[in-house]
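# An overview of the molecular structure
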Amino acid sequence: MQKQLEITLKSNALISNGDGYGLVDVDSISDEFGRFYIPAKRLKGVLKESATEVLEMQGKLDDEIKNQINKLFGTPKEKGKISIENAIIDESEFLKRLSIFGKERVKSLKSMVINQTSIDENGVAKSGSLRRMRVIKSGNKFSAKIELEEDLEDKFKKLLNHAIKNLKRLGSSRNRGLGAVECELVPIKDSKKSLNFNLKNSCIVINLTQPTAITLKKGDDFNTQTYDHLPSTTLKGAILAKLRSIKKDDLADEFEKAIVKNGYLFKDNKIYRPTPNILEKYKYENSNEALDKFSTTNGKEPEAKCSKLGGFFYADGKTIELIKPKKESFFHIQRSRISQSSDKENGAIFTYESLCRDQSFCAEILCESTLLEKVKTALGSEFALQIGRSKNAQYSKMQAFINVVNKSKEQNLKSKAYLVCESPLILLDEFGVQSPTLANLKLYIDSLLECDCEIVKSSARFSRQQSYKLSYKCKVKETLGFESASTFLIDFKKECDIPKLEKGLGELVEFGYGQVRVYDEFKDFEFINLNDKEKPSIIEEVFDNQKELLFKLLEEYFYEKMCLNGFKEIAVKDENITSSEYSRLEKIVSSSSKQKDLKDKLEAKKENNTNELTTFNQKIKNKFIQINDWFDKIPEFDSVKDKISENLYNEFVDSRGYELQKRFLISLIRYHRNVKKDVK
């Protein structure tokens with residue numbers, strides 16, 4: 001059951017990202033498009049605090065308060081009864097479209113920069129205490145989805161509602177007037193994103209609806225890093241847990257024998273797998289040629305410096321598409337209820353690196369199609385999964401779909417081919433010791449494929465792997481093996497059956513190790529990097545309530561362009577124009593309602609109806625003739641023609657053009673007046 005938490009800012013709010021830049025010491029958190037949001041973990045924190053206050057007001061004992069809070073919101077070891085998503089700002093999708101003008105311009109639409117300082121006992125500002133903070137403007141609205149258990153008890157529903165009503169402030173500097181909010185919980189319709197794909201293999205396709213942090217061994221307790229794929233054991237464990245949660249223990253026991261491979265990035269019906277480490281590119285040349293370092297026929301100069309393509313790839317004809325999953329890091333802070341500040345001694349400030357939301361991954365599943373059909377029937381055509389860290393707030397939600405295919409027998413391999421490791425390859429020697437050597441690799445291949453192969457060339461690295469055993473609540477013993485993307489050129493001597501390699505090679509294949517794939521030789525390939533920024537779409541039509549945002553952004557955009565160009569082109573330096581005449585000119589410009597009105601005032605005749613201009617008007621006309629010529633237009637449409645349509649541009653000029661020109665002219669007059677004062 002889903003609800004929507006609506007949050008209205010009743011004052012400016014500082015939702016800090018823990019960082020600053022340039023002239024801003026403390027910035028508010030925003031995404032890659034400049035859209036502000038409230039992290040779910042912070043919402044969960046302030047709701048827990050508010051719920052605790054509600055129970056204290058009801059006279060509950062400490063043990064009862066702790067018990068109810070832990071059951072509703074969860075603990076590090078136990079999932080709670082609710083799950084909270086990030087609160088996104090209103091007009092989020094339109095703000096994303098506006099980001100073609102730059103994320104900083106989008107941020108300026110919804111925020112302002114304020115100054116704050118500390119004063120001593122004498123009421124004097126302390127030295128070095130001035131801080132500039134970007135705050136989100138009062139009146140902005142945010143909304144966050146909250147998912148409740150279907151059978152949630154009434155007492156927990158009432159507690160959640162009371163906690164939301166009781167929540168009055170959030171963010172930083174809430175004791176200094178910032179962060180006043182009004183919150184309401186309203187119903188929401190369930191709207192799942194449909195997954196459409198056409199694959200030839202049995203698999204599970206997953207779309208991340210929240211950021212997902214699957215922790216690597218690297219990092220520490222306060223700075224975690226994530227995998228760039230969905231590990232096979234994690235996926236299989238999540239499916240088994242889902243089956244057991246709906247009382248399908250027998251089916252789960254049967255599915256234990258299935259092999260679930262790693263989940264790799266899935267886009268446009270293509271699975272992007274680890275790029276073989278033999279594929280390289282020229283390091284210092286502007287070339288998109290993909291080089292196969294095992295081949296001697298690609299014209300590669302021996303002395304040319306090359307670097308690995310890296311990431312994940314999809315080979316299509318003569319083109320290699322390269323891609324890397326999008327990641328982002330989130331800053332989190334624990335706040336003491338008593339001091340209302342972070343408890344640094346206990347390491348309360350930490351970051352999570354995570355896979356970005358709205359990415360899809362695909363993992364192949366090897367088992368009988370009848371078994372997979374049973375699993376699909378039990379879980380539904382689309383079902384929710386949660387993996388990784390922090391399942392109660394902000395992370396780990398995903399939408400899954402199982403695809404079942406009765407696979408036909410594939411063609412046999414050619415005698416020579418590339419064997420690429422898609423996951424670490426674990427090999428044992430005759431004494432049972434982990435020994436990733438070419439000799440042991442040959443023995444494993446010969447035994448599995450019943451052949452006498454020859455490893456012609458190899459490009460491999462070694463690494464140690466360590467995983468976490470959920471049932472034991474601890475890490476398992478480290479394993480040593482060939483690293484993912486290691487590549488071997490193998491002469492099989494005869495044709496071999498592909499299906500025998502599908503289930504994996506080496507040891508611990510049931511835990512996702514030993515996943516390998518076979519490719520033909522790479523020749524005359526070009527590569528395309530899909531992570532390069534795509535050209536943003538042009539803004540053509542907008543709703544009436546969105547025009548105000550667009551036109552406000554265009555005003556600032558064009559004003560900046562006018563100042564950068566106009567102050568250089570229109571250099572009025574005349575000692576004969578006095579400061580008082582500049583002030584008089586500013587009043588004339590300010591009082592004009594349109595361009596013709598301004599020109600008429602500048603060409604006013606003497607009161608005795610002679611044809612001569614007044615001394616003031618003559619002086620101004622002569623010295624500002626450049627302005628009159630340039631003032632007939634705002635910067636050319638070329639500067640925005642790739643961002644907005646010509647119709648929107650013309651509508652903007654008609655409605656806001658003169659006010660923008662007048663604003664610039666007043667700034668120019670003030671600039672010259674101040675320069676004159678400085679000269680004196």
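Scroll up for the structure.
Attention in this report is confined to the structure presented alongside it. (Residues numbered from 1 in each chain as written. Predicted model: local features only at pLDDT ≥ 70, side-chain atom pairs only at ≥ 80, totals over all residues. Heavy atoms only, no water.)

### Overview of the packing of helix H1 (residues 40-57) against helix H2 (residues 62-73)
Packing of H1 against H2 leaves a shortest axis separation of 10 Å and a crossing angle of 145°. Relative to H2, H1 is oriented so that their crossing is right-handed. Side by side, H1 and H2 meet where Lys 44, Leu 47, Lys 48, Ala 51, Thr 52, Leu 55 and Glu 56 of the first sit next to Ile 65, Gln 68, Ile 69 and Phe 73 of the second. When its residues are assigned to classes, the contact of H1 with H2 shows six nonpolar, two polar and three charged. (Axes fitted to C-alpha atoms, helices over the stretch in contact; angles between N-to-C directions. Helix = DSSP H or I, 4+ residues; strand = E, 2+ residues; numbered from the N terminus. Left-handed = near helix turned anticlockwise from the far one by under 90°. Contact = heavy atoms within 4.5 Å. Nonpolar A, V, L, I, M, F, W, Y, C, P; charged D, E, K, R; others polar.)

### A word on the packing of aromatic side chains
Counted by the stated rule, this structure contains 14 aromatic pairs. Between Phe 462 and Phe 482 the ring centres are 5.4 Å apart and the planes differ by 25°, which places this aromatic pair in the stacked class. A residue pair is termed long-range when its members are at least 10 positions apart, and Phe 462 in strand E28 (residues 462-465) and Phe 482 in strand E31 (residues 479-482) qualify at 20 residues. For Phe 482, a relative accessible area of 2% gives the class buried. (Phe/Tyr/Trp six-rings, centres within 6.5 Å; stacked < 30°, edge-to-face > 60°. Buried < 20%, exposed > 50% of the residue type's maximum accessible area, 1.4 Å probe, protein only.)

### A short note on the pattern of salt bridges
What the rule picks out here adds up to 25 salt bridges. Residues Glu 147 and Lys 397 are paired through a salt bridge, measuring 2.6 Å at the closest nitrogen-oxygen approach. On the criterion of sequence distance, the pair formed by Glu 147 in strand E7 (residues 141-148) and Lys 397 in strand E25 (residues 397-403) is long-range, its members being 250 residues apart. Judged by relative accessible area, Glu 147 falls into the partly exposed class, the value being 31%. Residue Lys 397 is classed as buried on the basis of its relative accessible area of 9%. The partner of Glu 659 in a salt bridge is Lys 662, with the nearest N and O atoms 3.7 Å apart. (Salt bridge = Lys/Arg side-chain N within 4 Å of Asp/Glu carboxyl O.)

### Some remarks on the nonpolar core
Of all hydrophobic cores here, the largest spans 85 residues; its most connected members are Leu 98, Phe 101 and Leu 550. Looking at this core element by element, the count peaks at 10 residues for helix H16 (residues 646-679). In this structure, Leu 98 is in contact with Val 106, Leu 109, Ile 539, Leu 549, Leu 550 and Leu 553, ignoring residues within four places of it in sequence. (Core = buried A, V, L, I, M, F, W, Y, C linked by side-chain atoms within 4.5 Å.)

### Overview of the sheet that holds strand E27 (residues 454-459)
Strands sit in the order E27-E32-E26-E33 across an open sheet of four strands; the sheet is antiparallel. The strands lining the two open edges of the sheet, one partner per strand, are E27 and strand E33 (516-519). Within the sheet, the average angular offset between the axes of one strand and its neighbour, ignoring direction, is 25°. Strand direction decides the pairing type here: strand E26 (residues 416-421) and E33, joined by four bridges, are antiparallel. Its bridge partner lying in E33, Cys 421 is registered against Val 516. With respect to the sheet, helix H9 (residues 438-449) is in contact with E26, E27 and strand E32 (487-491), its orientation differing from that of E27 by roughly 130°. (Pairing = 2+ DSSP bridges.)

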